[in-house]
Amino acid sequence: MSQTDTPTLLDSVTVPVEQGRAIPDAATRETIGYAPVHTVADLDAAIASARAAQPAWSALGHAQRSRILNSIADEIEANAEELAVLLSREQGKPLNGPNARFEVGACAVWTRDAADTVLEPEVVFEAEDSRAEIHYDALGVVGAIGPWNWPMMISVWQIAPSLRMGNTVVVKPSEYTPLSVLALVEIFNRHLPAGVLTAVSGDREVGAALAAHPGLDKIMFTGSTATGRRIVESSAHNLARLTLELGGNDAGIVLPGTDVAAIADDLFWGCFINTGQTCAALKRLYVHDSVYDEVVDTLAGMAAAVPMGGGLDEGNVLGPLQNEKQFEIVSRLVEDARARGARVVVGGEPATDLGPLFYRATVVADIEDGASLVDEEQFGPAIPVIKYTDLDDAVRRANASQQGLGASVWSSDPDEAVEVATRLQAGTVWINQHGALNPHIPFGGTKQSGYGQEFGVAGLKAVAAPKVISR
Ligand code: NAD
C-alpha cells in the first residue's frame, strides 16, 4: 500500500505470495509483485462472462462505445506516470527515450483512435433496381494474446478496436509481463460494464487453451512465428478468425550517396528501440561500400555513448534484456558472429556491472548472410552491418528472409528510395526511418511474419463480421 493507504495499481493487480507467481524487476531481479496464476477453469469462466456481456455491449452502439473508449484514454493519461513506472520495472524499458512513458502515451493515442475512427457501411454495387452494401457487425468474443516487449501498447492495439466494434475481449498477457497488462485492464474496467474485458493471467498452456476455445470468434495474436503456427492449427477446430503479428527480421538498405549524418539518429533508434526488443526494429543493415565505414563508425560511436541502465534512472534510454531466454539468444548470436571472424566494433559482451541481464549495445561489421546474427531474429541490442556493392544483390538478400514484417531504405534521393522500396517484400517499407507507427496507417506482416492488418479502418474491419445487405 502507498503511504496514504490508497491502493496503487500495483497493489490492485498483485495477489498474496502463496497464490501467485513472483514477477521480477527486469533490471534488478528483485520481486516486484505476485501475478495471479489463472487456470483453464478461470479461462472458461472468463469466456462465459464475455459471451454473456457481448449482446448488450454490441447493442450500446458506436457513439456510446466511442464515448467510453475516450473516457478510458483520459483515464490512461491521468494514471500515466504510475503505469509507466510499473511498465519500466517489469519490462525493463527506461522511463525516458522511446520507452515506458512513450508506450503509455501510445496506449492513450491508440485507444482514442479506435474510438474516433469511422467505419461506415460500404456500397459495393449500385444499379437502377438493385443495391448491395457491406455492413460491419461485431464478431462476438475476441481473444487477445500478447508478447512481453511492448505489453501495454500491443494489448491496446488488440483490445481497443475489438471493443469499439462491439466485441467483448478476454486478454492473456505474456507470462513475463502480466502485471503491466493487468494494471491496464484495471484502468479499462473503471469504465466498462462487467464481463466486457477480462484478463486471464496464465502461462503458455492457458494461451493454448484460449486459442483452441470453442467459445471464441477471433484471436488477435502478437508473438513469435512458432506460436503463431500453433494458433493456426487450433483455428482449424474453432474456425476463429486470426490476426497474426509475428516475428520479423527486418532489413534496411543504405544507398550510395546517402548523407550519413542526416540519417544517423533515426538509423540508430531503428535498430536499438526498446533495446532492440521490437518486432519491427531494424535487424540486418545492408550498406553500400562507398558509405560503409562511415555508417559503421557512426553507429558504433552512438552505441558506445548511449546511456544504459536501470529504467527508473531518468538519464537512461536503454535497459536490460527482459528475460534470461532473450539474454541467451543475443549472447549466442554475437558469439557465433565473433567465432566466424566478424568484427565486433563495439559492445559484444554482457554489461554485468549494470545487472544480470544487461548486454552492451553492439555493432558487428564485416559479417555476411549465413551468420546466425544476420539470418535469425536477435531481438536485442546487436546490429549486424553487411557491406554490398551491387544494389540488386542487396535487394535480393534483403528479400531472402522467410519473414516480411518491415524493411527500410535510407537515401538522400527520395525517388530512388521509393523505387527500391517497391522491390522489397514487407508489410511496411519505411524511407529514412524504421518502425515508425501511426494509428491511421495499417500495419501488418507478409510471408511468415503473419497476416491481417491492425490500425485505422483496416484494423476495425479485422475485428468485424462483414455482412452484405443486397436488394
Ligand atoms: P511467444 O510466441 O513466445 O509468446 C507470445 C504469447 O503467446 C505469450 O502470451 C505466450 O504465453 C502465448 N503462447 C505461448 N504458447 C502459446 C500457444 N501454444 N497458444 C497460444 N498462446 C501461446 O512470443 P514472445 O517471446 O512473447 O514475443 C517475442 C516475439 O514476438 C518475437 O518474435 C517478436 O518479433 C514478436 N513480436 C511481433 C510483433 C508484431 O507486431 N509483429 C510485435 C511484438 C513482438
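Conventions we followed
Residue numbering note: each chain is counted from 1, following its sequence as written. Only residues with pLDDT of at least 70 are given local features in this predicted model, and only at 80 or more are side-chain atom pairs given and counted; all residues enter the totals for whole chains, interfaces and linings. Processing note: side-chain calculations cover all non-hydrogen atoms of the structure and skip hydrogens and water entirely. Take a side-chain nitrogen of Lys or Arg and a carboxyl oxygen of Asp or Glu: if they are within 4 Å of each other, that pair is a salt bridge. Secondary structure elements follow DSSP: runs of H or I of four or more residues count as helices, runs of E of two or more count as strands, with numbering from the N terminus. Burial status follows relative accessibility: with a 1.4 Å probe on protein chains alone, a residue under 20% of its type maximum counts as buried, one over 50% as exposed, and anything between as partly exposed. Proximity is defined per residue: if any heavy atom of the residue lies within 4 Å of a molecule or strand, that residue is considered near it. Two N or O atoms count as a polar contact when they lie within 3.5 Å, although within protein this holds only if one can serve as hydrogen donor and the other as acceptor, and sequence-adjacent residues are included solely when both atoms are side-chain atoms. Here the accessible surface of atoms and residues is derived via Shrake-Rupley with a 1.4 Å probe, and residues count as covered only by protein chains that are part of the display. A cavity, in this analysis, means grid points on a 1 Å lattice covering only the protein atoms where a 1.4 Å probe fits yet has no way out; a pocket is instead an open set bounded by protein on both sides within 12 Å along at least five of seven lines, and a residue lines either one if it has an atom within 4 Å of a point. Grid points define the cavity or pocket, and a molecule sits in it when more than half of its atoms lie within 2 Å of them. We call Asp, Glu, Lys and Arg charged. Ala, Val, Leu, Ile, Met, Phe, Trp, Tyr, Cys and Pro are nonpolar, and the rest, Gly among them, are polar. Boundaries of every domain are those given by an automatic assignment or by a domain database. Patch rule: a residue counts if its relative accessible area is over 30% and it has no salt bridge; like charges are joined within 9 Å, and nonpolar side chains (Val, Leu, Ile, Met, Phe, Trp, Tyr) within 5 Å. In summary, the charge assignment counts Lys and Arg as positive and Asp and Glu as negative, without counting His or the chain termini. To locate a charge, take atom NZ for lysine, CZ for arginine, CG for aspartate or CD for glutamate. Should DSSP find at least two bridges between two strands, the strands are regarded as paired. Any two residues whose heavy atoms approach within 4.5 Å are treated as being in contact. Defined here as a combined quantity, buried area equals the accessible surface (1.4 Å probe) lost by two parts on assembly, summed across both. The convention used is that axes are lines fitted to C-alpha atoms, helices contributing only their stretch in contact, and that angles between N-to-C directions extend from 0 to 180 degrees. Grid points are joined across faces, edges and corners, and a volume is the space filled by probe spheres set on the points. UniProt positions are given in the numbering used here, feature names are shortened, and annotations may be inferred rather than shown by experiment.

Another point: the pattern of salt bridges. Per the counting criterion, the structure on display carries 28 salt bridges. Of the charged contacts in the structure, one is a salt bridge between arginine 101 and glutamate 314, with a shortest N-O distance of 3.0 Å. One end of the pair, arginine 101, is in helix H5 (residues 100-116); the other, glutamate 314, is in the loop between helix H11 (292-305) and helix H12 (324-339), with 213 residues separating them in the sequence. Taking the relative accessible area as the measure of exposure, glutamate 314 reaches 45% and is therefore partly exposed.

In the vicinity of the ligand lie 29 residues, with Lys172, Glu175, Ser224, Thr227 and Glu377 positioned nearest. Within the side chain of serine 224, an N or O atom sits 2.7 Å from an oxygen atom of the ligand. Measuring from an oxygen atom of the ligand, one finds a side-chain N or O atom of glutamate 377 at 2.5 Å. Here the ligand loses 94% of its free accessible area of 850 Å² to cover by the protein chains. Among the cavities detected, the one that contains the ligand is the largest pocket. At the level of secondary structure, the elements contributing two or more residues to the shell around the ligand comprise helix H8 (204-212), strand S8 (218-222) and helix H9 (225-238). Residue composition of the shell around the ligand, by class: 13 nonpolar, 10 polar and 6 charged. Mapping the shell around the ligand onto the domain boundaries places at least three of its residues in each of domain 1 (9-246 + 449-470) and domain 2 (250-431).

Once that is clear, we can look at a negative patch on the surface. Together, Asp259, Asp293, Glu294 and Asp297 give the surface a local cluster of negative charge. With respect to the element layout, aspartate 297 can be found in helix H11.

Below, the discussion takes up the pairing of strand S14 (residues 382-388). Of all 7 residues in S14, 6 are buried, a share of seventy percent or more. Note: strand S11 (residues 282-288) against S14, 4 bridges, orientation parallel. Across the sheet, the residue bridging to valine 287 is lysine 387, located in S14. Here 3 bridges tie strand S13 (residues 362-365) to S14, and the two strands are oriented parallel to one another. Its bridge partner being in S14, valine 363 is matched across the sheet by isoleucine 383.

Taken domain by domain, the protein comprises domain 1 (9-246 + 449-470) and domain 2 (250-431). The straight-line distance from the C-alpha centre of domain 1 to that of domain 2 is 30 Å. With 26 residues of domain 1 in contact, the opposing surface of domain 2 contributes 29 residues. Of the roughly 2300 Å² buried where domain 1 meets domain 2, counting both sides, 55% is carbon and sulfur surface.

Attention shifts here to the sheet that holds strand S19 (residues 450-451). Taken together, 6 strands build an open sheet; the order of strands is S7-S6-S5-S8-S9-S19 and the sheet is mixed. Whereas interior strands pair on both sides, the edge strands pair on one side only; in this sheet they are strand S7 (197-199) and S19. Sheet analysis places S8 next to strand S9 (residues 241-245), joined by 5 bridges and oriented parallel. In the sheet register, phenylalanine 221 faces S9, and the bridge partner there is leucine 244. Contacting strand S5 (141-145), strand S6 (168-172) and S7, helix H2 (residues 40-59) crosses the sheet at an angle of about 155 degrees to S6.

Before going further, it helps to spend a moment on the layout of surface pockets. Remark: the empty space left among the atoms is shown by a probe the size of a water molecule rolled over them. Taken as a whole, the largest pocket encloses approximately 1100 Å³ of empty space. Every residue lining the largest pocket is counted, 44 residues in all, and those nearest its centre are Arg204, Gly223, Ser224, Thr225 and Thr227. At the level of secondary structure, the elements contributing two or more residues to the lining of the largest pocket comprise H8, S8, H9 and H12. In terms of residue count, the dominant contributor to the lining of the largest pocket is H9 (7 residues). Built from parts of two domains, the lining of the largest pocket gets at least three residues from each of domain 1 (9-246 + 449-470) and domain 2 (250-431). Reported here for the second largest pocket is a volume of approximately 420 Å³. Considering the residues around the second largest pocket, the lining is formed by 21 residues, among which Phe102, Ile273, Gly435, Ala436 and Leu437 are closest to the centre.

Within this structure's numbering, the places UniProt gives as "active site" (unreviewed entry) are Glu245. Excluding residues within four positions of it along the chain, glutamate 245 makes contact with Phe221, Thr222, Gly223, Leu405, Phe443, Gly444, Gly445, Ser449, Gly452 and Glu454.

Let us look at the sheet that holds S13. Reading across from one edge, S12-S13-S14-S11-S10-S16-S17 is the order of the 7 strands in this open sheet, with mixed pairing throughout. Pairing within the sheet leaves two strands with one partner each, and these edge strands are strand S12 (343-346) and strand S17 (428-431). With direction set aside, neighbouring strand axes in the sheet form an average angle of 25 degrees.

Quick look at empty space enclosed by the protein now. Tallied over the full model, the rule gives 3 cavities of 30 Å³ or more. Taken as a whole, the largest cavity encloses approximately 100 Å³ of empty space. Every residue lining the largest cavity is listed: Trp110, Asp113, Ala114, Thr117, Trp157, Pro161, Pro439, Glu454, Phe455, Gly456 and Leu460. Going through the elements one at a time, H5, helix H6 (151-164) and helix H16 (456-462) are the ones with two or more residues in the lining of the largest cavity. With 3 residues, the single largest contributor to the lining of the largest cavity is H5. Each residue belonging to the lining of the largest cavity can be placed in one class, and the counts come to 7 nonpolar, 2 polar and 2 charged.

Feature annotation in UniProt assigns "domain: Aldehyde dehydrogenase" (unreviewed entry) to the following positions: residues 25-468. The distance separating the terminal C-alpha atoms of residues 25-468 is 51 Å; by composition the span is 42% helix and 20% strand.

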